[in-house]
Amino acid sequence: MPATVSQAEFDRLWNQVEPIGRAASGGYRRFAWTQPDLALREWFAAACAERGLDLTVDRAGNQWAWWGNPDDAGPGVAIGSHLDSVPDGGAFDGPLGVVSSLLVVDMLRREGVSPARPLAVVNFTDEEGARFGVACGGSRLLTGALAAQRALALRDDDGASLAEALRAAGRDPEELAADPAAVGRVGCFVELHVEQGRGLVDLGRPVAVGTAIWGHGRWRFELPGEANHAGTTRLADRRDPTLAYATLVLRARDLAERHGVLATCGKVRIDPNGVNAIPSLVTGWLDARGDDDAAVQAMVADFAQAVAGFGGTLAEESWTDRTPFDTGLTNRLHAALDQAPYLPTGAGHDAGILANAGLPTAMLFVRNPSGVSHSPAEYAEPADCLAGVQALARVVAGLVG
Ligand SMILES: [Zn+2]
């Protein structure tokens, strides 16, 4: 496909998204069903309308913009990503895939291509799980991997349930459900995403083809203590759960090294959270992942034992098996993109959830010069972003026929 995309075209769309939900830190706070998220959903709907795409929202709240009718013409090709962010996340994680996908539609139109198969651009809801604690909530709900009843009861840090958040956003929580009809419209899914590591820097290439997502999960552990006065309680008389927490953070690191996996304690809640009060409860979260599911599970089992040793409890919030992408589709992308290198990833994606649901799925990664992600420092060079759009366009042109 000879069409190209210009920097000006990329910037025009990118600059529309960039200010939405940006915090004073320079990072983004685009949490599911909050004001910035709703503004992004509106922006997406308007950008799709501008392109003559037909917007539908599935029962899980994901937005699909179709070129062609999959109910008449049969399952189509879906591209896209997500627009929400982690707390103080970067600009590229999610939006790069959505913006690139809209630009691919523009390129195909300009070329006069009329797709033989329908094409959709999708904005998945609540990919990061930053607000309600379950990553890829939109795609998990869509495919039935997360039950609506369980999802509706999830609460954010302010105590609001997903059901209440949906109502506040003008949606009917009763509607929330798996949506096999929406899944049935998708013949295959290709997600373009900024790389969240330095694989492409080492390879000296702008774009890679994803091979698999590591097995990954989240666990919550609670360490009870006894609230008391910081000035009058003797050290020997204290039941201070932060000591156990500190020990467990070190233990997680040690166990991760021993089992050859990654483990992170990135979130903690201390009650009552007063400078002069001995805490009554510490709630910690463990994120663990690796290329070998059994190794990750063994690490978590050892960690659970350590938690129990401090009188605490550990509960699984989510787990996703190692997910290989579709071999046929992946090889096709590799061939279409001048033998683009293959890369696995330790980051979870909606593409992994759809792959687990049995859909042929693939990913493209765009080089990230520092490898930093989930941070305001996340970046991709303009030329690499254009190379990503170009690669996605080539792939889509081949898939829609
Ligand atoms: Zn992402």
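So, here is what we can say about the structure in this document. Residue positions are given per chain, counting from 1 as you read along its sequence in written order. With pLDDT at 70 or above as the cut-off, local features in this predicted model cover only qualifying residues; side-chain atom pairs require 80 or more to be listed or tallied, and sums for whole chains, interfaces and linings still use all residues. As a rule here, side-chain values cover all heavy atoms of the structure and leave hydrogens and water aside.

**Concerning the overall build of the protein**
Per the convention used, a helix needs a DSSP run of H or I reaching at least four residues, while a strand needs a run of E reaching at least two, with both numbered from the N terminus. Within the protein, the secondary structure is distributed over 14 helices and 15 strands. We compute the radius of gyration over the C-alpha atoms and compare it with the globule rule, which gives 2.2 Å times the number of residues raised to the power 0.38. Taking 21 Å as the expected radius of gyration for a compact globule of 401 residues, we find that the protein reaches 22 Å, a close match to that expectation. On the principal axes, the C-alpha backbone points of the protein span a range of 80 × 45 × 40 Å. Contact criterion: two residues are considered in contact whenever any of their non-hydrogen atoms come within 4.5 Å of each other. Partitioning the intrachain contacts of the protein with sequence separation of at least 6 by distance along the chain shows that 77% fall at a separation of at least 24. Only the protein chains shown count as cover for residues, and all accessible areas are computed by the Shrake-Rupley method using a 1.4 Å probe. Counting every atom, the protein has about 16,300 Å² of accessible surface; 51% of that belongs to carbon and sulfur. Across the protein, the centroid of the 34 positively charged side chains sits 2 Å from that of the 50 negatively charged ones. Just so you know, the count uses Lys and Arg for positive and Asp and Glu for negative, and it drops His and the chain ends. Taken as the charge centre is NZ of Lys, CZ of Arg, CG of Asp or CD of Glu, depending on the residue.

**Structural notes on empty space enclosed by the protein**
Points on a 1 Å grid over protein atoms alone make up a cavity when a 1.4 Å probe fits among them but cannot get out, and a pocket when they form an open set with protein on both sides within 12 Å along at least five of seven lines; lining residues each have an atom within 4 Å of a point. Grid points are joined across faces, edges and corners, and a volume is the space filled by probe spheres set on the points. In total, this model carries one cavity of 30 Å³ or more according to the counting rule given. Put simply, the largest cavity is a space of about 110 Å³. For the lining of the largest cavity, the element with the most residues is helix α5 (residues 137-143), which contributes three residues. Lys, Arg, Asp and Glu make up the charged group, whereas Ala, Val, Leu, Ile, Met, Phe, Trp, Tyr, Cys and Pro make up the nonpolar group; the residues left over, Gly among them, are polar. Residue classes in the lining of the largest cavity are distributed as eleven nonpolar, three polar and one charged.

**Quick word on the nonpolar core**
Judged by nonpolar contacts, the single largest core of 56 residues is most densely connected at F10, W43, L96, L119, V190 and L364. Top element by residues in this core is helix α14 (residues 382-400). It accounts for ten residues. In this structure W43 touches L13, Q16, V17, I20, L83, V98, V99 and L102, once residues within four positions along its chain are discounted. Think of a nonpolar core as a cluster: buried Ala, Val, Leu, Ile, Met, Phe, Trp, Tyr and Cys residues, connected wherever their side-chain atoms sit within 4.5 Å. Buried residues are those whose accessible area, probed at 1.4 Å on protein chains only, stays under 20% of the maximum for their type, while exposed residues exceed 50% and partly exposed ones sit between those limits. Formed by 38 residues, the second largest nonpolar core is a distinct cluster that contains A32, L142, A182 and V183.

**Here's the deal with helix α4 (residues 95-110)**
How far a helix is expected to stretch is found by multiplying one less than its residue total by 1.5 Å. Over its 16 residues, α4 runs 23 Å from end to end, which matches the ideal 22 Å to within 8%, given 1.5 Å per residue. Among the 16 residues in α4, 13 count as buried, and that is most of the element.

**Comments concerning the pattern of salt bridges**
Any Lys or Arg side-chain nitrogen located within 4 Å of an Asp or Glu carboxyl oxygen qualifies as a salt bridge. Applying the stated criterion across every chain yields a total of 19 salt bridges. Notably, a salt bridge pairs D106 with R51, separated by 2.8 Å at the nearest N-O pair. One end of the pair, D106, is in helix α4; the other, R51, is in the loop between α2 (35-50) and β1 (54-57), and 55 residues separate them in sequence. Judged by its relative accessible area of 8%, R51 is buried. With a closest N to O distance of 2.8 Å, D254 and R258 form a salt bridge. Of this pair, D254 and R258 both sit in helix α10 (residues 241-259), four residues apart, roughly one helical turn. Judged by its relative accessible area of 58%, R258 falls in the exposed class.

**Some points on the packing of α4 against α14**
The N-to-C vectors of α4 and α14 enclose an angle of 55°; their axes lie 9 Å apart at closest approach. Put simply, α4 runs oblique to α14. α14 is crossed by α4, and the crossing has right-handed handedness. Only C385, V389, Q390, L392, A393, V396 and A397 of α14 make contact with α4, whose side of the interface consists of L96, S100, S101, L103, V104, M107 and L108. Taken together, the residues of the contact of α4 with α14 sort by class into eleven nonpolar, three polar and no charged. Fitted lines through C-alpha atoms give the axes, limited to the stretch in contact for helices. The angle between two N-to-C directions lies from 0 to 180 degrees. Reported orientations rely on four angle classes, namely roughly parallel under 35 degrees, roughly antiparallel over 145, roughly perpendicular from 65 to 115, and oblique for the rest. For any helix crossing, the convention is left-handed if the near helix is rotated counterclockwise from the far helix by under a right angle, and right-handed if that rotation is clockwise.

**Some remarks on the packing of aromatic side chains**
Within a pair of aromatic rings, the relevant descriptors are the distance that separates the centres and the angle that separates the planes. Two rings from Phe, Tyr or Trp (for Trp, the six-membered ring) form a pair when their centres sit within 6.5 Å of each other. Planes less than 30 degrees apart are called stacked, planes more than 60 degrees apart edge-to-face, and all others tilted. One pass over the structure, following the stated rule, counts eight aromatic pairs. Considering the side-chain rings of F221 and Y245, the 6.0 Å spacing of their centres and the 20° angle between planes classify their relative orientation as stacked. On the criterion of sequence distance, the pair formed by F221 in strand β7 (residues 215-224) and Y245 in helix α10 is long-range, its members being 24 residues apart. Y245 matches F221 in its accessibility class, with the two residues each being buried. By the ring-pair criterion, three or more aromatic residues cluster together here, those being F10, W14, F92 and Y379.

**Some details on the sheet that holds strand β12 (residues 313-320)**
Read from one edge to the other, the open sheet built from four strands follows the order β9-β11-β7-β12, with strand pairing classed as antiparallel. Each having just a single partner strand, β9 (262-271) and β12 make up the two edges of the open sheet. Along the sheet, successive strands turn relative to each other by an average axial angle of 15°, direction set aside. Bridge count between β7 and strand β11 (residues 281-290): ten bridges; the pairing is antiparallel. When the sheet's bridge partners are listed, W219 is paired in β11 with L286. Against the sheet, α10 engages β7, β9 and β11, with an angle of about 170° to β9. In this analysis, strands are considered paired if DSSP registers two or more bridges between them.

**Some points on the layout of surface pockets**
Unfilled space is identified by rolling a water-sized probe across the atoms. Estimates place the volume of the second largest pocket at around 160 Å³. Forming the boundary of the second largest pocket are R205, P206, V207, L337, D338, A340, A387, Q390, A391 and R394. Residue contributions to the lining of the second largest pocket peak at four residues, all from α14. Here the residues of the lining of the second largest pocket sort into six nonpolar, one polar and three charged.

**A word on the environment of L392**
By secondary structure assignment, the location of L392 is in helix α14. Since its relative accessible area comes to 0%, L392 is described here as buried. As a C-alpha pair, L392 and L364 span 28 residues in sequence and 7.7 Å in three-dimensional space. Excluding its chain neighbours within four sequence positions, the residues that come into contact with L392 are I79, S100, S101, V104, V190, L192 and L364.

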